[in-house]
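# Geometric and topological summary
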Amino acid sequence: MKLIAAALVVLVAASQTSATAQSRGSGRPNIIFIMTDDHAAHAIGAYGSRVNQTPHLDRLATEGALFSSVFATNSICTPSRAAILTGQYSHINGVTMFNRFDSSRMTVARLLQQGGYYTGMIGKWHLGSDPMGFDQWEILPGQGVYKNPVFYTATGEKTYTGRYVTDVITDLAVDFLDRRPRDKPFFLMMHHKAPHRPWDPDDVHASHFAGRRIPEPPTFWDSYATRTDALHENEQRVVADLTNRDLKLTPPDGLSPAELTRWFAITPDSVTTVIDGRTVTLTGEALGRWKYQRYMQDYLATVQSVDESVGRVLDYVDKSGLSRNTMVIYTSDQGFFLGDHGLFDKRFMYEESIRMPFLVRWPARIKPGTKSQAMALNIDFAPTFLAAAGLPIPADMQGRSLLPILRGTTPANWRTAMYYRYYHDPGNHNTRAHYGVRTATHKLIYFWTKDQWELFDLVRDPFELHNLYGQPGQAALTESLKTELARLKREVNDLDQLANQQLPNGVDGPVARLRGK
Ligand code: CA
């Protein structure tokens, strides 16, 4: 009872502080956290994309800050979302794979709500449990779908017939902003499904990239020479593992529903299509190149809808006079392979997969055009929002506030290395579990179920093609990185015995319906 009374006092005090601060206009910032699913930084203009243009996302960079070294600590959807909410690594927050997140845990949303913020969660949640700590939420079940999406709320569900998911999420977000109580700052998590597989564009953008030749990345035909078994065994290759469904091929007539499901899952090794008015059958290398084009045309078309969505949110913020003291953040739950190393998907500790876009506009505090190479992690987001709100950061959050960096000063003791760990083995794509360390110049990866190592010089070999592990002259460097890896494992308290064990598979695929099961 005493505890409850004390908590109430804190709550009342916090909300009074908030109301006073707001009325002064100097108060705590509003926070709009826009996150997409699987959007690689190298498919954003401001990050130097060679494959598309994103004028609205680029506005965030020119009017705010662009971070170029932000990394996921476990590069897969559900774990990254849990890490963002809790500010903790997977082994601490309990979501190592597709496990259900315990929503009653401490999260940044709950702390902001308790601290006087009006909080909302709209779009893809994908944590297998109902959201908590939100005054309002409307989420996709599991992965959700692109067309005619269903959304769940605390009290029911609604199907948006004839609508496209990115547009619906944007409408709901703008509606949240419009209807919010005016006496509190707000925190909105706006999570898009796009550009996650199966990359279904809307009708407006479906042909946006048709007829264009999208440049292949330099590592598209990577032979994986010098790399360990993991790359050789993976099943997320553009050439070999994209399905009839991914490639949007048309099924033959007359298939039963079960036959249709099987047909869509086929990974074709020949495709008959029409090119320049001629019917051709593609195989081998020509088919691989064609698959890359089909993959990227659809992926990038879904990104165009996201870009326009961000433009709509920015327009709303600007027109409603909120821009000066509203942080608008854009990120993705991890990076993605856009044909890099011949791959789609993520999971691996390679650069394209772990690098997250991170753009922040906040005119009251951030100088336009700010750029930072400071090494930041997804577990830093929660402490950053709490610090911006003037709220204490719990001791068990493992990330650090990025606030000083946003203001232009990187603390002298800022991290110089990060710990990464991926658990799902073999998972959907036969990807091997691994952990490792990344510094500003090097990366050491340990595939513990294989007892195999990879070592890369990120300065001389930015595409990570040459595994130096065990090569002459690398012993001292390898030893120092192993020492740093051990230090980081101690620091993040990942010292259990899991390291040398084969972990069971998690429950993969779309999570079950949230309520009643
Ligand atoms: Ca994802």
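What you see is a predicted model; the values in this text were computed from it and never measured.

This paragraph deals with unusual backbone geometry. Residue Ala194 is joined to Pro195 through a cis peptide bond whose omega torsion reads -5 degrees. The residue Pro195 is located in the loop between β8 (186–191) and α7 (229–233) in this model. A cis amide bond, omega 5 degrees, links Asp425 with the succeeding residue Pro426. With respect to the helices, strands and loops of the structure, Pro426 is situated in the loop between β15 (417–422) and β16 (434–439). Phi is positive for Arg347, close to 75 degrees, though the residue is something other than glycine. By secondary structure assignment, the location of Arg347 is in the loop between β11 (326–332) and α11 (351–354). If you check the backbone angles, Asn493 has positive phi at about 65 degrees while not being a glycine. Relative to the assigned elements, Asn493 resides in the segment after α14 (475–491).

On to the domain arrangement of the protein. Accessible area lost when the parts come together is the quantity often used to give the size of an interface. As far as domains go, the protein holds domain 1 (28–94 + 103–200 + 302–414), domain 2 (213–291) and domain 3 (433–513). For domain 1 and domain 2, the distance between their C-alpha centres works out to 31 Å. At the interface, 19 residues of domain 1 touch 22 residues of domain 2. In total, about 1700 Å² of surface goes out of reach between domain 1 and domain 2, with carbon and sulfur atoms giving 54% of it. Looking at the side of domain 1 facing domain 2, the largest losses of area belong to Arg50, His341 and Phe344, adding up to 33% of the total buried there. Where domain 1 packs against domain 2, one counts 3 salt bridges. A salt bridge links Asp200 to Lys248; the nearest nitrogen and oxygen atoms lie 3.9 Å apart. Applying the counting criterion to the domain 1 and domain 2 interface returns 12 residue pairs in polar contact (both at pLDDT 80 or more). For the side of domain 1 that touches domain 2, the per-class residue count stands at 9 nonpolar, 3 polar and 7 charged.

Here strand β12 (residues 358–361) shows no split at all, with Phe358 and Val360 on one side and Leu359 and Arg361 on the other all buried. Across 3 bridges, the pairing between strand β2 (residues 65–67) and β12 is antiparallel. By the bridge assignment for β12, Phe67 is matched with Phe358. Pairing analysis gives 4 bridges linking β11 to β12, with the strands arranged antiparallel. The residue of β12 that forms the bridge with Thr331 is Phe358.

Our focus in this paragraph is the environment of Ala387. Summarising the element assignment, Ala387 is placed in helix α12 (residues 381–388). Sequence separation between Ala387 and Leu255 is 132 residues; the distance between their C-alpha atoms is 57 Å. Ignoring any residue separated from it by four or fewer positions in sequence, one finds Ala387 in contact with Ile393, Ser401 and Leu403.

Per the counting criterion, the structure on display carries 37 salt bridges. A salt bridge links Arg179 to Asp175; its shortest N-O distance comes to 2.9 Å. Note that Arg179 and Asp175 are positioned in helix α6 (residues 165–179) at a spacing of 4 residues, about one turn of the helix. Owing to a relative accessible area of 66%, Arg179 belongs among the exposed residues under this scheme. Looking at Asp175, the relative accessible area reads 31%, which means it is partly exposed. A single salt-bridge network, built from bridges that share partners, covers Arg59, Glu63, Asp315, Asp318 and Arg361.

Below, the discussion takes up α12. Of all 8 residues making up α12, 7 are buried, and the element is well covered by its neighbours. Of the positions making up α12, those classed as buried are Phe381, Ala382, Pro383, Thr384, Phe385, Leu386 and Ala388. Gly390 occupies a position one or two residues after α12 and carries a positive phi of about 75 degrees.

So, about the coordination of the calcium ion. As a benchmark, a tetrahedral metal site with four donors has ideal angles of 109.5 degrees, while an octahedral site with six donors has ideal angles of 90 or 180 degrees. Protein-derived coordination of the calcium ion comes from Asp37 (OD), Asp38 (OD), Cys77 (SG), Asp333 (OD), Asp333 (OD) and Gln334 (OE1), at a distance range of 2.2 to 2.6 Å. For the calcium ion, the 6 donor atoms in the first shell make angles of 52 to 166 degrees at the metal, so the coordination geometry reads as irregular. Sequence spacing of the donors to the calcium ion: D-D-x38-C-x255-D-Q. In this pair, Asp37 sits in the loop between β1 (30–36) and α2 (55–63) while Asp333 sits in the loop between β11 and α11, placing the two residues 296 residues apart along the sequence. Judged by its relative accessible area of 0%, Asp37 falls in the buried class.

Reading guide: rules and limits
Residue positions within a chain follow its written sequence, with the count starting from 1. In keeping with the predicted nature of the model, local features appear solely for residues at pLDDT of at least 70, side-chain atom pairs appear and are counted solely at 80 or more, and the whole-chain, interface and lining totals rest on all residues. The basis for the side-chain values is all heavy atoms of the structure; hydrogens and waters are excluded. Labels follow the DSSP assignment, with helices taken as runs of H or I lasting at least four residues and strands as runs of E lasting at least two, numbered in each case from the N terminus. Where each domain starts and ends follows an automatic or database-derived domain assignment. Note on contacts: a residue pair qualifies if any of its non-hydrogen atoms lie within 4.5 Å across the two residues. Buried area counts how much accessible surface, traced with a 1.4 Å probe, disappears from two parts once they are put together, with both parts' losses summed. Each reported salt bridge corresponds to a side-chain nitrogen of Lys or Arg within 4 Å of a carboxyl oxygen of Asp or Glu. In protein, a polar contact requires one atom able to donate a hydrogen and another able to accept it; more generally it is a pair of N or O atoms within 3.5 Å, and residues adjacent in sequence count only if both atoms are side-chain atoms. For this classification, Asp, Glu, Lys and Arg are treated as charged, while Ala, Val, Leu, Ile, Met, Phe, Trp, Tyr, Cys and Pro are nonpolar and the rest, including Gly, are polar. Note on classification: 1.4 Å probe, protein chains only; a residue is buried when its accessible area is under 20% of the maximum for its type, exposed when over 50%, partly exposed between these limits. At least two DSSP bridges between two strands are needed for those strands to be called paired. Donor selection uses N, O and S atoms within 2.8 Å of the metal (3.2 Å for Na, K and Ca). Since no water is included, sites may look incomplete. Square planar and octahedral sites, with four and six donors, are those where opposite donors lie more than 155 degrees apart and all other angles lie between 65 and 115, tetrahedral sites have four donors with every angle between 85 and 135 degrees, and the rest are irregular.

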